[in-house]
Protein chains: 2
Amino acid sequence: MSAPAQRITIKEVAAAAGVSKGAVSIAFNHKPGLSEATRERIFTVARELGWAPNSSARSLSTRRPDTIGLALCRPARLLGLEPFYMDFISGIESVLAERSCSLLLRLVSSLDEEIALQEAWWRERQVGGSILVDFHQDDPRIAPLTSLGIPAVAVGHPDLTGGIPSIWTDDAAAVAEAVRYLAALGHRRIARVGGPAGLGHSAIRERAFQDTLRALGLPPTTPVATGFAGEEGARATRSLLLRPERPTAIVYDNDIMAVAGLGVAAEMGVTVPDELSLLAWDDSQLCRLTHPTLSAMSHDVHGFGAEVARELFDVIAGRPVRPRPVMTPSLTPRGSTASLRTAVS
Amino acid sequence: MSAPAQRITIKEVAAAAGVSKGAVSIAFNHKPGLSEATRERIFTVARELGWAPNSSARSLSTRRPDTIGLALCRPARLLGLEPFYMDFISGIESVLAERSCSLLLRLVSSLDEEIALQEAWWRERQVGGSILVDFHQDDPRIAPLTSLGIPAVAVGHPDLTGGIPSIWTDDAAAVAEAVRYLAALGHRRIARVGGPAGLGHSAIRERAFQDTLRALGLPPTTPVATGFAGEEGARATRSLLLRPERPTAIVYDNDIMAVAGLGVAAEMGVTVPDELSLLAWDDSQLCRLTHPTLSAMSHDVHGFGAEVARELFDVIAGRPVRPRPVMTPSLTPRGSTASLRTAVS
């Protein structure tokens, strides 16, 4: 970066526009008392001089920061593929829109890059606070961002988020419900197609999955980790269906991979749900559009995003917040799950 | 809004931190020459006083604005449902990430709200430029944003974007290719499930659709307009398949509606592609995950977003740009289209 330009002051803007400093302030605060012509002249002069009111100082003084930060450490290509993040972001935006706020969105390629970015955003007052997502075990963001003092809400279980105010879905309980349901339908060979092994919530789900199998006296299954993309879900499903002891039920970590699994079953002539039950996660509209429709662990991802945004405004305003789970994903049975027929048991 | 707070100056920050103004400048420009302790003390004091360097003035002086604006006039709920925008945004982000820039994203409920927002963003130097999307016929944004002088790139045909540097896909040519292909397969009753009638590109596609039917001597069909959501695509498909003269081929305006159409055909016992051909638009990964896979008018939506972002950096830098179409969507035949069997002709 270069050195800051010579600072233009409000006084210079006022002089150039032939008005008082008060008039410039009135114009930029959209208050009554100026003719349209004067208002326009002030804006034009300010633009020409490159002057703007210090919106960050204003935000601070009014405690109404109008920008919220969100950094995503995902490859750009993958971001467009998964319904979860767009649903989540649309929920955040729904709360921001009510308050005339915007979301500052950045893709980063590492958590270290995110740390540097959050520091810059906060020092330069580009954001009033940030939403932190995709926590890892021993997440490196916790110490620097806590000491920075940036108002933040962490999306993740408190075991992962190190004291940053957090909101999460109780994934362990939801996984246990999913497995118990499939077991109640008579399934004994239940597999799971999970997200990246390094992500905290993937690890929580995998542990709950194996724990529940064990508690039910069912055989453990080799985990299949993916990057959440549909094509990886297809590959994982194909490989599971080619195992000598092929599973009769598969739980997926999102819904696009379950849609892909349904396609693979059709391609391989395995009838869903007669021979194979499939259970999706997140439950975007995709699950209701396939035939058969997809059973899913449903939660309101849009509402989750909205809740996170509301919590962040509480943190920014200094209102007390308590870490809490939002509603636990619950089972929505549809056409892709059924009790195990004798033919394949 | 309230009146601006008393402005804190760099001099006061320097005094409070016990350093020179130059040292504050060095710290905030991340230049060498200060101990870590001094650097940290400056940041702490600046934060406590609510002071930040005027990053907008700096951006102007260096001509490297680090934030790009995008306002979307879509209901928050719908935003999460359609692959197109997340793919498009991920393409924008891929170019922004290379340049350490962020996207300022806001949902608005009307074009008037967008106009006020773009004016505020530009006046307060919150963005270095904006991407404008979803042009309507006689779009009300053109005049005020042109006179504002904000660097902008319009995503839309020049007939709609009134002289703002624009990039678009040649939808008319793509629609003509889609209809001609289905006609070549022997289809004579071809229907179209389109986007909102008010959107410029919906109107362009509908006109091209009817023109091509006429040129081929095929009967015109009553247009079905939707809001792009899968469930609307399902309803539209059901209603088309219940018509006395039911179509043997349907062209959809996006891919989520085509996925929904495939589900409705299965639900109604209409075999795809034997009795009904379906052709999707945009071609996200969804089209390759269904069974049968969906034929689609494909284009690189991610690349389209990237191209728009690159063009905006050219506009901001004052480099010459020329309005141009990106690659025209082209036909990718898959399992959902086939020549018309005699049984239903």
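Above: the structure in question.
Residues numbered from 1 in each chain as written. Chains lettered and ligands numbered in written order. Predicted model: local features only at pLDDT ≥ 70, side-chain atom pairs only at ≥ 80, totals over all residues. Heavy atoms only, no water.

Draft legend 1. The arrangement of the overall build of chain A in detail. The helix and strand inventory of chain A stands at 15 helices and twelve strands. The buried share among the 345 residues of chain A stands at 59%. Contacts spanning at least 24 positions in sequence make up 69% of the contacts within chain A whose residues lie at least 6 apart. When the accessible surface of chain A is totalled, it reaches about 13,200 Å², and 54% of it is carbon and sulfur. (Helix = DSSP H or I, 4+ residues; strand = E, 2+ residues; numbered from the N terminus. Buried < 20%, exposed > 50% of the residue type's maximum accessible area, 1.4 Å probe, protein only. Contact = heavy atoms within 4.5 Å. Areas by Shrake-Rupley, 256 points an atom, 1.4 Å probe, with all protein chains shown as cover.)

Draft legend 2. The arrangement of the pairing of strand 1 (residues 67–72) of chain B in detail. Residues and elements named next belong to chain B. The element strand 1 is extensively covered by neighbouring structure, given that six of its six residues are classed as buried. Here strand 1 shows a buried face lined by Thr67, Gly69 and Ala71 and a second buried face lined by Ile68, Leu70 and Leu72. Inspection of the sheet shows strand 1 paired to strand 2 (residues 102–107) by six bridges, in the parallel sense. Its bridge partner being in strand 2, Gly69 is matched across the sheet by Leu104. In the sheet, strand 1 pairs with strand 3 (residues 129–132) via three bridges, with the strands oriented parallel. (Pairing = 2+ DSSP bridges.)

Draft legend 3. Representation of the pattern of salt bridges within the structure. Going through the model one piece at a time under the given rule, you end up with 32 salt bridges over all chains. The salt bridge partner of Arg205(A) is Asp171(A), with a shortest N-O separation of 3.0 Å. Of this pair, Arg205(A) sits in helix 11 (residues 200–215) while Asp171(A) sits in helix 10 (residues 171–184); the two residues are 34 residues apart in sequence, bridging distant segments of the chain. We note that Arg205(A), like Asp171(A), is buried. A salt bridge links Asp314(B) to Arg319(B); its shortest N-O distance comes to 2.7 Å. Each of Asp171(A), Arg192(A), Arg205(A), Glu206(A) and Asp253(A) takes part in a single network of salt bridges with overlapping partners. (Salt bridge = Lys/Arg side-chain N within 4 Å of Asp/Glu carboxyl O.)

Draft legend 4. View of the packing of aromatic side chains. All names here are of chain A. In the structure shown here, the tally under the stated rule is eight aromatic pairs over all chains. With a centroid separation of 5.2 Å and an interplanar angle of 90 degrees, the aromatic rings of Phe84 and Tyr85 are classed as edge-to-face. For Phe84, a relative accessible area of 16% puts it in the buried group. On the basis of relative accessibility, which here comes to 5%, the residue Tyr85 falls in the buried class. Counting every residue linked through ring pairs, the aromatic cluster contains Phe84, Tyr85, Phe88 and Phe304. (Phe/Tyr/Trp six-rings, centres within 6.5 Å; stacked < 30°, edge-to-face > 60°.)

Draft legend 5. Structural detail: the sheet that holds strand 6 (residues 190–194) of chain B. Residues and elements named next belong to chain B. Strand order across the open sheet formed by six strands is 7-6-8-9-10-12, with mixed pairing between neighbours. In this open sheet, the two strands that pair with only one neighbour each are strand 7 (224–225) and strand 12 (330–332). As judged from the three bridges shared by strand 8 (residues 249–252) and strand 9 (residues 277–282), these two strands associate in the parallel manner. Among the inter-strand pairings, Ala249 is bridged to a residue of strand 9, identified as Ser277. Docked against the sheet, helix 12 (residues 230–241) engages strand 6, strand 7 and strand 8, running at close to 160 degrees with respect to strand 8. Across the face of the sheet, helix 13 (residues 255–267) comes into contact with strand 6, strand 8 and strand 9 while running at roughly 160 degrees to strand 9. (Axes fitted to C-alpha atoms, helices over the stretch in contact; angles between N-to-C directions.)

Draft legend 6. Region of interest: the sheet that holds strand 11 (residues 324–325) of chain B. The sheet built from twelve strands is open, its strands ordered 11(A)-5(A)-4(A)-3(A)-1(A)-2(A)-2(B)-1(B)-3(B)-4(B)-5(B)-11(B) with mixed pairing. The outermost strands of the open sheet, each flanked by one partner alone, are strand 11 (324–325) of chain A together with strand 11 of chain B. In this structure, strand 4 (residues 152–155) of chain B lies alongside strand 5 (residues 166–168) of chain B, joined through two bridges in parallel fashion. When the bridges of strand 5 of chain B are listed, Val155(B) appears paired with Ile167(B). Of the strands in this sheet, strand 2 (102–107) of chain A together with strand 1, strand 2 and strand 3 of chain B touch helix 7 (residues 111–123) of chain B, which is tilted by about 170 degrees from strand 1 of chain B.

Draft legend 7. Here's a closer look at the pairing of strand 4 (residues 152–155) of chain A. Residue and element names in this part refer to chain A. Alternating positions in strand 4 separate into two faces, Ala152 and Ala154 on one and Val153 and Val155 on the other, with burial throughout. For strand 3 (residues 129–132) and strand 4, the ladder comprises three bridges, and the chain directions are parallel. Bridge pairing in strand 4 links Leu132 to Ala154. Following the backbone out of strand 3, through helix 8 (residues 142–148) and into the adjacent parallel strand 4, one traces a crossover that is right-handed. (Right-handed = clockwise from strand over helix to strand, strands pointing away.)

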